[in-house]
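# Architecture at a glance
Below, each chain spelled out in residue letters.
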Amino acid sequence: AMAAPGGGDGGGDGGGDGGVARAGRQLPPHSPSGLVLRTVEMHTGGEPLRVIPRLEAAEEAAARGLSLLSLRREVAATRDHVRRALVHEPRGHAGMYGAVVVRGGAAAEGADLAALFLHGAGYSAMCGHAVLALGRFALDYGLVAAPSRPETAVRLRCPCGPVTAFVPWDGRRSGNPVRFHSVPAFAAATDLAIDVPEHGKVVVDISYGGTFYAFLNAEQLGLDVCTSKTRDLVKAASAVTEAVKKQFKLHHPESEDLAFLYGTILTDGKDAFSEEPTTNICVFADEQVDRSPTGSGVTARIALQYHKGLIQLNQTRTFRSSTTGSLFTGKAVKATKFGDYNAVVVEVSGEAFYTGTATFTLEEEDPLKYGFLFK
């Protein structure tokens, strides 16, 4: 169902000692049929990214001229087993994240590639950690026609809109740090009183960075992002997400497809400009915890800080993940309008690394071939 990623020989037998070939036996599996999925494995700030370099069904659908939001709907309806097989156990885990790279039709309109983002519960509209990693991937896998030194602009189409990554390039391979410029980001609501079961009234801000998040200081929930147990932070953040979904109606200037709350980001409350890092934890989708500081979350948080007058254009903030301690930086680089909203374009910077490549197989008779979810 899939071609091998460029740059390799596409061989799935691993081994590397040559003994495999001499014995005349490939490594198992030996099943005649069954899906073979080849991936490139990466992480950005500790958050995994399982890159699917090609999914023929997605490219065929894109060639019919589907918009990326429509393609997202179609893949969810017809190819969801691919997401489940790769993101869920036993091949993935509760924190796994993936991206389908789409070239050809959907990557037209002036972009080098398009991407669909996969997580444990479905398909996101934007993913900053994935954009940072895909910037490197696009250069190393030859998706950019004429890369330039010392830095190449990689144009990606994400479901939320066009995003540009800027990737170091030495003529041979990509490097770090990578940065990207977001779609216009804006504060959707500030100082919104929300009633959260077991926590009472809390005050949240809602901001958009390619997808919507609720933000609040963890102190309001009797927690501390740096010292509280992750389990307690996750439970509280999820309760906030559910409460906001029930009590506040989101609107997006371009598409109601994008008008959904993706998660809640608990912070240490250090929103005013400072050279010191500010720590946050992002809990998204179905209680999934971001290991990175969250690219779309940093985008939304910068938009919020700018909206509140706490930072100026081109003032860089550093954001730390409470789970891994990894760092992203963010700054508002340009004021703009988005629908009726005053918005900003945000630059987010971080480091993405390759961790390997994989060949995944599915045996038809495996009752758990499409994975299972265990929390």
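All values reported here derive from a predicted model rather than from experimental measurement. (Residues numbered from 1 in each chain as written. Predicted model: local features only at pLDDT ≥ 70, side-chain atom pairs only at ≥ 80, totals over all residues. Heavy atoms only, no water.)

Turning our eyes to something else, we now look at the packing of aromatic side chains. All told, the structure shown has twelve aromatic pairs when counted by the stated rule. For the pair Tyr 208 and Phe 338, a centre-to-centre distance of 6.4 Å together with 15° between the ring planes defines the contact as stacked. Separated by 130 residues along the polypeptide, Tyr 208 in strand 10 (residues 200-208) and Phe 338 in strand 16 (residues 327-338) bring together distant segments of the chain. Considered together, Tyr 208 and Phe 338 belong to a single accessibility category, that of buried residues. Between the aromatic rings of Tyr 213 and Phe 215, the centroid separation amounts to 6.2 Å while the plane-to-plane angle is 65°, which identifies the pairing as edge-to-face. By relative accessible area, Tyr 213 is classed as buried at 1%. An aromatic cluster of at least three residues, connected via ring pairs, comprises Tyr 97, Tyr 213, Phe 215, Phe 260, Tyr 262 and Phe 284. Lying over the aromatic face of Phe 166, Arg 179 brings its terminal NZ or CZ to 4.4 Å of the ring centre. (Phe/Tyr/Trp six-rings, centres within 6.5 Å; stacked < 30°, edge-to-face > 60°. Helix = DSSP H or I, 4+ residues; strand = E, 2+ residues; numbered from the N terminus. Buried < 20%, exposed > 50% of the residue type's maximum accessible area, 1.4 Å probe, protein only. Lys NZ or Arg CZ within 6 Å of the ring centre and 35° of its normal.)

Let us now look at the side chain of Lys 369. Following the sequence through the fold, Lys 369 ends up in the segment after strand 18 (352-361). Leaving out residues up to four positions away in the same chain, Lys 369 has contacts with Ala 85, Arg 91, Leu 362, Glu 363 and Glu 364. (Contact = heavy atoms within 4.5 Å.)

Turning our eyes to something else, we now look at unusual backbone geometry. A cis amide bond links Pro 28 to the next residue, Pro 29, at an omega of 10°. Cis peptide bonds are those with omega within 30 degrees of zero, and the linkage from Glu 89 to Pro 90 qualifies with 5°. You can see Pro 90 is positioned in the loop between helix 4 (80-87) and strand 3 (98-102). Phi is positive for Asn 314, which is not a glycine, with a value near 65°. Following the sequence through the fold, Asn 314 ends up in the loop between helix 7 (295-307) and strand 15 (317-321). Residue Asn 314 is classed as partly exposed on the basis of its relative accessible area of 48%.

Compared with an ideal rise of 1.5 Å per residue, which puts 13 residues at 18 Å, helix 5 (residues 128-140) spans 19 Å between its outermost C-alpha atoms and is within 8% of the ideal. Of all 13 residues in helix 5, twelve are buried; the element is thus mostly enclosed. Taken together, the buried positions of helix 5 are Gly 128, His 129, Ala 130, Val 131, Leu 132, Ala 133, Leu 134, Gly 135, Arg 136, Phe 137, Ala 138 and Leu 139. (Expected span 1.5 Å × (residues − 1).)

With that out of the way, let us pick up the pattern of salt bridges. Considering all chains together, one arrives at 13 salt bridges under this definition. A salt bridge links Asp 257 to Arg 73, with the nearest nitrogen and oxygen atoms 2.4 Å apart. With Asp 257 in the loop between helix 6 (230-247) and strand 12 (261-267) and Arg 73 in helix 3 (residues 68-78), the pair connects residues that are 184 residues apart, well separated along the chain. The exposure class of Arg 73 is partly exposed, given its relative accessible area of 48%. A cluster of three or more residues bridged by salt bridges with shared partners is formed by Asp 80, Arg 83 and Arg 84. (Salt bridge = Lys/Arg side-chain N within 4 Å of Asp/Glu carboxyl O.)

This paragraph deals with the nonpolar core. In this structure, Phe 117 and Leu 134 are the most contacted members of the largest nonpolar core, which totals 89 residues. The element contributing the most residues to this core is helix 5, with eight residues. Counting contributing residues per domain, this core is built from domain 1 (35-171 + 355-360) and domain 2 (183-351), each supplying no fewer than three. Once residues within four sequence positions are removed from consideration, Leu 134 is found in contact with Leu 49, Val 51, Ala 99, Val 101, Ala 115, Phe 117 and Leu 156. One finds Ile 52, Ala 58, Val 82 and Leu 116 within the second-largest nonpolar core, a separate group that totals 23 residues. (Core = buried A, V, L, I, M, F, W, Y, C linked by side-chain atoms within 4.5 Å. Domains from an automatic or database assignment.)

Structurally, the chain comprises domain 1 (35-171 + 355-360) and domain 2 (183-351). Relative placement of domain 1 and domain 2: their C-alpha centres are 23 Å apart. Regarding the contact of domain 1 and domain 2, the summed buried area is about 1,800 Å², with carbon and sulfur atoms giving 57% of it. Along the contact surface separating domain 1 from domain 2 lie one salt bridge. Where domain 1 touches domain 2, the interface holds eight residue pairs in polar contact (both at pLDDT 80 or more). For the side of domain 1 that touches domain 2, the elements supplying multiple residues, two or more each, are strand 1 (36-44), helix 3, helix 5 and strand 7 (161-168). Across the side of domain 1 that touches domain 2, the residue classes tally to twelve nonpolar, eleven polar and three charged. (Buried area = accessible area lost by both parts, 1.4 Å probe. Polar contact = N/O pair within 3.5 Å; in protein donor to acceptor, adjacent residues only side chain to side chain. Nonpolar A, V, L, I, M, F, W, Y, C, P; charged D, E, K, R; others polar.)

The buried fraction of strand 3 amounts to five of the five residues, a majority that puts the element mostly inside the structure. Alternating residues of strand 3 divide into Gly 98, Val 100 and Val 102 and Ala 99 and Val 101, and every residue in both groups is buried. The pairing of strand 2 (residues 47-52) with strand 3 spans three bridges and is classified as parallel. By the bridge assignment for strand 3, Arg 50 is matched with Gly 98. Bridge count between strand 3 and strand 4 (residues 113-119): five bridges; the pairing is antiparallel. (Pairing = 2+ DSSP bridges.)

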